[in-house]
Amino acid sequence: MNIDVSLVEEVVRKVMKEFNGIEQVRTSDNYGIFGTMDEAIDAAYLAQKEYLRCSISDRERYIKAIREVILKEENLEYLSRLAVEETGMGKYEHKYIKNKLAAEKTPGTEDLVTEAMAGDDGLTLIELSPFGVIGSITPTTNPTETIISNSIGMLAAGNSVVFSPHPKSKRVCIDIIKMINKALKVEGAPRNLVVMVEEPSIENTNILMSHPKINMIVTTGGPAIVKKAMSTGKKAIGAGAGNPPVVVDETANIEKAAVDIINGCSFDNNLPCIAEKEVISVDSITDYLIFNMKKSGAYEIQDKDVLDKLTSLVVDENGAPNKDLVGKSAIYILNKIGIEADKDIKVIIAETAKEHPLVQHELMMPILPIVRANDVDEAINIAVEVEHGNRHTAMMHSTNVEKLTKMAKLIQTTIFVKNGPSYAGIGVGGEGYSTFTIAGPTGEGLTSPKSFARRRRCVLVGGFHIK
Ligand code: NAD
């Protein structure tokens, strides 16, 4: 018997429209990739309705499938390599670690802990329920990491998700969305729980943010888009820019501090929003700190003219970083100012005043200005000033508990790492789960499934309490 596929598709389309008020434009499987934002949102909307009928163990099965497909060696390698190739930013080995981290250490449904209140009047539960369809806007700096982490977290909380990636990371994002959809299909999950458009653009992001079927916006990016998302009138989670300072005082283990700072600053060529962006050190130990940094892969610029040349190359007069150099290696950047550096060089360092543009602006390049302070109290004050109230991330190397506490209280960052590299703050060599959406502005902190859930009260009157 000959089946007319287009006729069947047309009938399905009509039936879907009648029952759901929605036209599902493409019925053949496109593995989560849609021609228009409206199609993508409609598909995710339908998927979430279907997802409501799935059990918690179904959700766990789907999440496990996502973790497993990403953790396949060939997929991890492919995604990490393509992300560097396509965006021209970062380092393959570090992307690999970040993708693996997101797949392994993003929490699942166990994060959704029910609260209960029981008494003479009965039992009341506070349950963590899905928002519905989430619009997730993702950055070039962590393109696949953010999709892995947010897919797991948002699906764990019972949502579907429409991603709007940065156009510069289109190919790798399309590939990872397809990969996730294929894995979900094998498990029998509702189709289109995780979707995006073929051609990501600012226009498409705008459609996403204002679409009535989008119940929550999660933005991971710079200040402009975070502000825009927060003005949509929808529930928004904003994970914005940082400018993480690191303070080193005279009580620190200086040799270890130098190694940690260089490793944190050079991780993925300084792309992570949490990475060390400037050092403020107490005068008495600064020379020894610099000596140890140089032993660990730092190239020091002392000549003022060379520093001026570097500064005018990497940052413009408005403080915007040179996009061609974001996420490039220290060797590459040094080359651009005519310096041939040794292959072990990972970070460029230079002493500057705190007002210097290299200190003031978030560059996302392995360039680390060092500011001297007379004592630890002055160092803390400078760190608070140059963090600019982003409330993002800060580090301190010290064994003085009183001063560690003082800095933590004054700087008010979402992540505060003591005596370790910045990445310890997202679970690499530090305790705790991982995420690539760190929401300082809206206060969720390191997001996890419960950040993507609504608190709902469910009241049973007069029964079930056994106190
Ligand atoms: P970006 O702000 O240029 O882009 C982020 C996303 O927003 C992209 O999808 C982009 O297409 C979209 N976008 C940007 N401007 C827009 C506009 N006017 N209208 C509509 N959409 C717009 O950021 P990026 O360069 O991709 O990423 C780096 C920035 O993100 C840094 O500031 C970094 O600190 C921050 N970041 C923060 C976190 C966090 O968890 N807090 C994580 C990663 C990156």
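Residues numbered from 1 in each chain as written. Predicted model: local features only at pLDDT ≥ 70, side-chain atom pairs only at ≥ 80, totals over all residues. Heavy atoms only, no water.

Draft legend 1. Local environment of the site of the ligand. Surrounding the ligand, one finds 29 residues, the nearest of these being Thr138, Thr140, Lys228, Glu362 and Ile438. Gly240 places a main-chain nitrogen or oxygen 2.8 Å from a nitrogen atom of the ligand. Phe436 is positioned such that a nitrogen or oxygen atom in its backbone is 3.5 Å from an oxygen atom of the ligand. Computed on the free molecule, the ligand has an accessible area of 840 Å², of which 87% lies beneath the protein chains in the complex. One can see that the ligand is located within the largest pocket. At the level of elements, helix 8 (202-210) and helix 9 (223-230) are the ones that each hand at least two residues to the shell around the ligand. (Near = heavy atom within 4 Å. Polar contact = N/O pair within 3.5 Å; in protein donor to acceptor, adjacent residues only side chain to side chain. Areas by Shrake-Rupley, 256 points an atom, 1.4 Å probe, with all protein chains shown as cover. 1 Å grid on protein atoms, 1.4 Å probe; cavity = no way out; pocket = protein on both sides within 12 Å on 5 of 7 lines; lining within 4 Å. Sits in = over half its atoms within 2 Å of the grid points. Helix = DSSP H or I, 4+ residues; strand = E, 2+ residues; numbered from the N terminus.)

Draft legend 2. A look at unusual backbone geometry. Backbone geometry places Asn269, a non-glycine residue, at a positive phi of 55°. Structurally, Asn269 can be placed in the loop between helix 10 (254-266) and strand 10 (278-282). With phi around 70°, Phe464 is a residue other than glycine that occupies positive phi space. Under the relative-accessibility criterion, Phe464 is labelled exposed at 68%. (Buried < 20%, exposed > 50% of the residue type's maximum accessible area, 1.4 Å probe, protein only.)

Draft legend 3. Molecular detail of the packing of aromatic side chains. Evaluated as defined, the whole model comprises four aromatic pairs. With a centroid separation of 6.2 Å and 35° between ring planes, the pair formed by Tyr51 and Tyr62 is classed as tilted. Note that Tyr51 is positioned in helix 2 (residues 37-51) and Tyr62 in helix 3 (residues 56-71), a separation of 11 residues in sequence. Of the two residues examined, Tyr51 and Tyr62, each falls in the buried class. Here the aromatic rings of Phe267 and Tyr423 are separated by 4.9 Å at their centres, their planes lie at 55°, and the arrangement is tilted. With Phe267 in the loop between helix 10 and strand 10 and Tyr423 in the loop between strand 15 (415-418) and strand 16 (438-439), the pair connects residues that are 156 residues apart, well separated along the chain. For the pair Phe267 and Tyr423, one class covers both residues: buried. (Phe/Tyr/Trp six-rings, centres within 6.5 Å; stacked < 30°, edge-to-face > 60°.)

Draft legend 4. Quick look at the UniProt feature "domain: Aldehyde dehydrogenase" (unreviewed entry) in the protein. Summarizing the sequence annotation, UniProt attributes the feature "domain: Aldehyde dehydrogenase" (unreviewed entry) to residues 37-295 and 347-436 in the numbering used throughout. Here residues 37-295 runs as 52% helix and 18% strand, with 51 Å between its end C-alpha atoms. (UniProt positions renumbered as here; feature names shortened; annotations may be inferred.)

Draft legend 5. Region of interest: the domain arrangement of the protein. When its domains are assigned, the protein resolves into domain 1 (31-240 + 446-458) and domain 2 (245-429). On a C-alpha basis, the centres of domain 1 and domain 2 stand 32 Å from each other. The interface of domain 1 with domain 2 comprises 13 residues on the first partner and 17 residues on the second. At the boundary of domain 1 with domain 2, total buried surface from both sides reaches about 1300 Å², with 61% on carbon and sulfur atoms. Looking only at domain 1, the three residues that lose the most surface to domain 2 are His94, Leu101 and Leu446, adding up to 33% of its buried area. Linking domain 1 with domain 2 are two salt bridges, by the criterion used here. The closest approach of N and O atoms between Lys95 and Asp268, which form a salt bridge, is 3.0 Å. (Domains from an automatic or database assignment. Contact = heavy atoms within 4.5 Å. Buried area = accessible area lost by both parts, 1.4 Å probe. Salt bridge = Lys/Arg side-chain N within 4 Å of Asp/Glu carboxyl O.)

Draft legend 6. Layout of helix 3. Here helix 3 contains 16 residues, and its C-alpha end-to-end distance of 22 Å stays within 8% of the 22 Å for a straight helix at 1.5 Å per residue. Of the residues making up helix 3, those classed as buried are Asp58, Arg59, Tyr62, Ile63, Ala65, Ile66, Arg67, Val69 and Ile70. At its buried positions, helix 3 is contacted by helix 2, helix 4 (73-87), helix 5 (92-105), helix 6 (143-156) and helix 7 (170-186). (Expected span 1.5 Å × (residues − 1).)

Draft legend 7. Looking closely at the sheet that holds strand 18 (residues 453-461). One open sheet accounts for three strands, arranged 2-3-18; its pairing is antiparallel. The sheet is open, and its two edges are formed by strand 2 (115-119) and strand 18, each paired on a single side. Neighbour-to-neighbour, the strand axes of the sheet open up by a mean angle of 20°, direction not taken into account. Summarising the sheet, strand 2 and strand 3 (residues 122-130) pair through five bridges and their orientation is antiparallel. Residue pairing for strand 3: Glu115 is matched across the bridge by Ile126. (Pairing = 2+ DSSP bridges. Axes fitted to C-alpha atoms, helices over the stretch in contact; angles between N-to-C directions.)

Draft legend 8. Representation of the confidence of the model for the protein. For the protein, mean pLDDT is 95; residues scoring 70 or higher make up 94% of the total. Long-range and interchain partners of residues 20-27, a stretch whose pLDDT sits below 50, account for 25 contacts in this model, where long-range means more than four residues apart. (pLDDT = per-residue confidence, 0-100.)

Draft legend 9. Local environment of the environment of Lys403. For Lys403, the location among the structural elements is in helix 16 (residues 401-411). Separated by 23 residues in the primary sequence, Lys403 and Ile380 have C-alpha atoms spaced 8.6 Å apart. Setting aside anything within four residues of it in sequence, one finds Lys403 in contact with Val376, Asp377, Ile380 and Met396. Within the local environment of Lys403, its side chain forms a polar contact with the side chain of Asp377, the two groups lying 3.0 Å apart.

Draft legend 10. A look at the side chain of Thr144. Turning to its location among the elements, Thr144 is positioned in helix 6. Residue class for Thr144 comes out buried when judged on its relative accessible area of 0%. At a separation of 2.7 Å, a polar atom in the side chain of Thr144 contacts the side chain of Asn99. Once residues lying within four places of it in the same chain are set aside, the contact partners of Thr144 are Leu79, Asn99, Val172 and Ile176.

Draft legend 11. Structural view of the packing of helix 3 against helix 5. Viewed as axis vectors pointing N to C, helix 3 and helix 5 meet at an angle of 160°, and their least axial separation amounts to 9 Å. Taken together, the axes of helix 3 and helix 5 are roughly antiparallel relative to one another. Every pair of crossing elements has a handedness; the one defined by helix 3 and helix 5 is left-handed. Side by side, helix 3 and helix 5 meet where Arg67, Ile70 and Leu71 of the first sit next to Asn99, Lys100, Ala103 and Glu104 of the second. (Parallel < 35°, antiparallel > 145°, perpendicular 65-115°, else oblique. Left-handed = near helix turned anticlockwise from the far one by under 90°.)

Draft legend 12. Structural view of the sheet that holds strand 4 (residues 133-137). Reading across from one edge, 1-6-5-4-7-8 is the order of the six strands in this open sheet, with parallel pairing throughout. Each edge of the sheet is formed by a strand with only one pairing partner; in this case those strands are strand 1 (33-34) and strand 8 (235-239). Where strand 4 and strand 5 (residues 160-164) come together, five bridges link them in parallel fashion. Across the sheet, residue Gly135 finds its bridge partner in strand 5, namely Val162. Sheet strands in contact with helix 2 are strand 1, strand 4, strand 5 and strand 6 (194-197), and its direction is about 160° off that of strand 5.

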